[in-house]
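Below are the chains, spelled out letter by letter.
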Amino acid sequence: MLAGVEYLLPIYKEANTYPNLMDTVITGNPDLLSADELHKSAWDIVSPRFQTAREEAIAHYRQLAGQASERVVDTLEKIVPAASDGRVETLFIANGVQHWGVFNPDTNEIEHHAQMESGDESLLDLALFKPT
């Protein structure tokens, strides 16, 4: 998404090669807006897109789950190894939830702990961020 004075936006759009640039822009001098004002303006534009994508992902999940597809899993013991292998298309995680433990990528085994212990990692972070 672009934010800028109106006469400069078409110049940038013409030179841009980024394929996901949004057509909707925030016009005006962004230097005159606070970070909060700029964020609110941007969020008002992009939040419906995120909501639509979320609803589509939920519908797809429900369709696959209703078919008892092997592509749908709901345990960390299956999710984390699949994520480690790059086999996760969409992952739903509840806000404020945390799961601690250790994942061994050589054996795909998880040691799950109710409370964080020494040497633990966030298993949800492992599922979200595939190591490079």
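This text goes with the structure placed above it.
In what follows, the accompanying structure is described. All values derive from a computational prediction rather than experimental measurement.

Once that is clear, we can look at the layout of surface pockets. Considered as a void within the structure, the largest pocket measures approximately 760 Å³ in volume. If you trace the largest pocket, you find 28 residues lining it, with Val-73, Ile-79, Val-88, Thr-90 and Leu-91 closest to the centre. Looking at the lining of the largest pocket, the elements that each hand over two or more residues are helix 2 (35–66) and helix 3 (76–84). The leading source of residues in the lining of the largest pocket is helix 3, at six residues.

On to helix 3, then. Summarising burial for helix 3: seven of the nine residues are buried, a large majority. Residues Leu-76, Ile-79, Val-80, Pro-81, Ala-82, Ala-83 and Ser-84 constitute the buried set of helix 3. Backbone geometry just downstream of helix 3 places Gly-86 in the positive-phi region, at approximately 75°.

Core analysis: the biggest nonpolar cluster contains 10 residues, these being Leu-76, Ile-79, Val-80, Ala-83, Phe-103, Ile-110, Leu-123, Leu-124, Leu-126 and Ala-127. Those elements giving two or more residues to this core turn out to be helix 3 and helix 4 (123–128).

Let's shift gears to the pattern of salt bridges. For the structure on display, the rule yields three salt bridges. Lys-40 is paired through a salt bridge with Asp-44; the nearest N and O atoms lie 2.8 Å apart. Remark: Asp-44 and Lys-40 occur in helix 2; sequence separation between them is four residues, near one turn of the helix. Of the residues examined, Lys-40 reaches a relative accessible area of 51% and is grouped as exposed.

Conventions adopted
- Residues numbered from 1 in each chain as written.
- Predicted model: local features only at pLDDT ≥ 70, side-chain atom pairs only at ≥ 80, totals over all residues.
- Heavy atoms only, no water.
- 1 Å grid on protein atoms, 1.4 Å probe; cavity = no way out; pocket = protein on both sides within 12 Å on 5 of 7 lines; lining within 4 Å.
- Points joined across faces, edges and corners; volume = space filled by probe spheres on them.
- Helix = DSSP H or I, 4+ residues; strand = E, 2+ residues; numbered from the N terminus.
- Buried < 20%, exposed > 50% of the residue type's maximum accessible area, 1.4 Å probe, protein only.
- Core = buried A, V, L, I, M, F, W, Y, C linked by side-chain atoms within 4.5 Å.
- Salt bridge = Lys/Arg side-chain N within 4 Å of Asp/Glu carboxyl O.

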